[in-house]
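# Breakdown of the fold
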Amino acid sequence: MKRQYDMLVIGGGPGGALAAKTVAEKGLSVCLVEKRPAIGTPVRCAEGIGKELLTDFLPPDPKWIATEIERAELVAPDDFSMLLEPKMAGSEVGYVLDRKVFDRELVWKAAEAGAETYVKARATAPIMKNGAVAGAVIEQHGQTYEVDAKVTIAADGIESKFSKWAGIDTTVPLREIETCAQYLMTGIDIDPQMTSFFLGNEVAPAGYVWIFPKGEGLANVGIGIGGGKSGAGHRAKDFLDRFVKRKFPQGRIIELIVGGVSVCKPLSCTVADNMLIVGDAARLSDPITGGGIYNAMYTGRLAAETAVTALEMGDTSKAALMPYDAEWRVSKMGKALERNYAVKEVFVKLSDEKLNAIVHSIAKIDLDEFSTLTLITELIKANPSLLLELKHLRSFL
Amino acid sequence: MLNIRRDICGYCGACVSVCPEGALELVDAYLTVDHTCINCGICEKVCPLGALEVVKE
Ligand SMILES: Cc1cc2nc3c(=O)[nH]c(=O)nc-3n(C[C@H](O)[C@H](O)[C@H](O)COP(=O)(O)OP(=O)(O)OC[C@H]3O[C@@H](n4cnc5c(N)ncnc54)[C@H](O)[C@@H]3O)c2cc1C
Ligand code: SF4
Ligand code: SF4
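Where an unreviewed UniProt entry is consulted, chain B appears under the name 4Fe-4S dicluster domain-containing protein, with the organism given as Methanocalculus taiwanensis.

Going by an unreviewed UniProt entry, chain A carries the name Digeranylgeranylglycerophospholipid reductase and comes from Methanocalculus taiwanensis. You can read under Sequence similarities (unreviewed entry) in the UniProt record for chain A the words "Belongs to the geranylgeranyl reductase family. DGGGPL reductase subfamily."

This is the structure:
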């Protein structure tokens, strides 16, 4: 590890990897530190991503694609299900990834572009100079390094502490975190090309159960429930065990995954002097789906591009980095986050009767792409009364 | 006092993100709590596995 870099990236998830790769490709010096010994493990993800979103970054590769998804179903509390299919039946709309391989590939690409990468290397404090971040203290293999950087990117995920240490409050409110548990299950009777989403206050209060196939008879079966609904005897794992017992009593569990997904509003500001915050660390996962892989990659790349421009200008102040914050907010992703936050606030309060009525209203929806916008628009068309509750949403639709 | 059941913890970091005091930290697969903990119990609620308990002294 050197004493000084143009950029220091904290965290080797999709956000950090894209940031490091983008800067390295410009020929600048970049150091990426990841506190875990192996990139991408343990996995904390259901591994689903829309096709359009992924291909924005790299061509799909069978190495890290477990399954191609062709349709989805939304299952009501009373077990009635609505089918979501692309207009062209049989074409894939999304993928279930193998994130252990995917995340490693992204970091490998960053390394190949010239980034220095360090694993089991943890940032333990920012280096502050004149009230601004100027690098970080890194601990690796019992050694302590002081690493100076002109710009630091906090890509440290849901358990992000770096921004907090630098004085930015990133605390997720209890009712705005989804607390999750997931089993990778084998020997279960599923449609290997279809993702399923189960709604209901009995099944998953303020959340949902998902089945994301990874092959024949193999799937991520998981749940997220609202943090406010979690407690002794009714935790995410308790609900998951109940679901699995009812649906897949013969299935075998070959992996346990736990995690938290923020469904709050993004941080009110994602830059500071010499620092940018990306991905989950900036609380950028989707409030409805919980999806954050694309959002992390998109903001990681954008933050790096902004930083490169700032470095070239010789000014990495908060004002000079602000274009990053402004741009993601008006992007397709930023608008989706704002809209889906408002929709989520309505949906988490719906009774099971209401959820049943909504799912029953349409038997099948044709989708161009797997977007929550199409789904919401169709649901509102079939349930005009929803518009009353979503009045303030009209401007988004 | 916060008791961390490391035999139950799945080191996911959900608790770290909701702690208002920043008292928790995940060192790879090893969750730690420091003296700034105020025993508010928020982390105890959120844990998907039930690895945390606030112990009344
Ligand atoms: C149960 C579950 C299911 C999900 N399902 C989906 C899904 O189907 N589709 C989807 O798109 N998204 C999903 N997500 C969200 C998705 O996993 C995240 O949004 C995504 O991983 C965010 O990427 P990131 O790079 O911001 O953070 P992460 O991938 O979390 O990476 C952050 C990295 O930083 C490291 N780090 C943290 N602190 C330090 C430090 N101090 N020093 C060094 N390194 C540090 C961590 O070890 C970690 O490797 C799911 C999340 C969960 C919990
Ligand atoms: S939320 Fe529970 S399982 Fe996750 S890190 Fe905290 S104590 Fe461990
Ligand atoms: S009890 Fe409260 S202050 Fe203590 S670690 Fe848990 S959330 Fe933080």
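That shown, we press on.
Attention shifts here to the overall build of chain B. If you tally the helices and strands in chain B, you get two helices and four strands. Listing each helix as α and each strand as β along chain B from the N terminus yields β-α-β-β-α-β. A principal-axis box enclosing the C-alpha atoms of chain B has dimensions of 25 × 20 × 15 Å. Here chain B, with 57 residues, has 47% of them falling under the buried criterion. Residue pairs in contact within chain B that sit at least 24 positions apart in sequence constitute 52% of those at least 6 positions apart. With an accessible surface of roughly 2,700 Å², chain B has 52% of that area assigned to carbon and sulfur atoms. Of the charged side chains in chain B, 4 are positive and 8 negative, and the gap between their average positions amounts to 7 Å.

Near ligand 3 the following residues occur: Leu2, Cys19, Pro20, Glu21, Leu24, Cys37, Ile38, Asn39, Cys40, Gly41 and Cys43 of chain B. Counted by class, the shell around ligand 3 contains eight nonpolar, two polar and one charged residues.

Residues and elements named next belong to chain A. For helix α3 (residues 99-112), with 14 residues, the first-to-last C-alpha span of 19 Å sits near the 20 Å given by 1.5 Å per residue. Buried residues of α3: Arg99, Phe102, Asp103, Glu105, Leu106, Val107 and Ala110, and no others. Looking at the buried positions of α3, the neighbouring elements they touch are α1 (14-25), α2 (51-55), β7 (94-97), β8 (116-119) and α6 (293-313). Of the residues one or two after α3, glycine 114 is the one with positive phi, at around 120°.

Quick look at the sheet that holds strand β19 (residues 364-367) of chain A now. Residue and element names in this part refer to chain A. Pairing is mixed across the open sheet formed by eight strands, whose spatial order is β16-β12-β15-β14-β13-β5-β6-β19. The outermost strands of the open sheet, each flanked by one partner alone, are β16 (252-262) and β19. Within the sheet, the average angular offset between the axes of one strand and its neighbour, ignoring direction, is 20°. Two strands pair when backbone bridges link them, and strand β5 (residues 71-75) and strand β6 (residues 81-86) are joined in this way by four bridges, in the antiparallel orientation. Among the inter-strand pairings, leucine 74 is bridged to a residue of β6, identified as methionine 82.

On to the domain arrangement of chain A. Residue and element names in this part refer to chain A. You can read the domains of chain A as domain 1 (2-44 + 100-172 + 265-330), domain 2 (48-96 + 174-262) and domain 3 (345-396). Taken over C-alpha atoms, the centre of domain 1 sits 29 Å from the centre of domain 2. Each partner contributes to the interface: domain 1 provides 21 residues, whereas domain 2 provides 20 residues. Between domain 1 and domain 2, the buried area comes to about 1,800 Å², and carbon and sulfur atoms account for 63% of it. Together, Phe102, Val172 and Tyr294 form the three largest contributors to the area buried by domain 1 at its contact with domain 2, with a combined 29%. The closest approach of N and O atoms between lysine 100 and glutamate 255, which form a salt bridge, is 3.4 Å. One can count six residue pairs in polar contact (both at pLDDT 80 or more) joining domain 1 with domain 2. Broken down by secondary-structure element, the contributors of at least two residues to the side of domain 1 that touches domain 2 are α3 and α6. Residue composition of the side of domain 1 that touches domain 2, by class: 12 nonpolar, three polar and six charged.

What counts, and at which threshold
Residues numbered from 1 in each chain as written. Chains lettered and ligands numbered in written order. Predicted model: local features only at pLDDT ≥ 70, side-chain atom pairs only at ≥ 80, totals over all residues. Heavy atoms only, no water. UniProt positions renumbered as here; feature names shortened; annotations may be inferred. Helix = DSSP H or I, 4+ residues; strand = E, 2+ residues; numbered from the N terminus. Buried < 20%, exposed > 50% of the residue type's maximum accessible area, 1.4 Å probe, protein only. Contact = heavy atoms within 4.5 Å. Areas by Shrake-Rupley, 256 points an atom, 1.4 Å probe, with all protein chains shown as cover. Lys, Arg positive; Asp, Glu negative; His and termini not counted. Charge placed at Lys NZ, Arg CZ, Asp CG, Glu CD. Near = heavy atom within 4 Å. Nonpolar A, V, L, I, M, F, W, Y, C, P; charged D, E, K, R; others polar. Expected span 1.5 Å × (residues − 1). Pairing = 2+ DSSP bridges. Axes fitted to C-alpha atoms, helices over the stretch in contact; angles between N-to-C directions. Domains from an automatic or database assignment. Buried area = accessible area lost by both parts, 1.4 Å probe. Salt bridge = Lys/Arg side-chain N within 4 Å of Asp/Glu carboxyl O. Polar contact = N/O pair within 3.5 Å; in protein donor to acceptor, adjacent residues only side chain to side chain.

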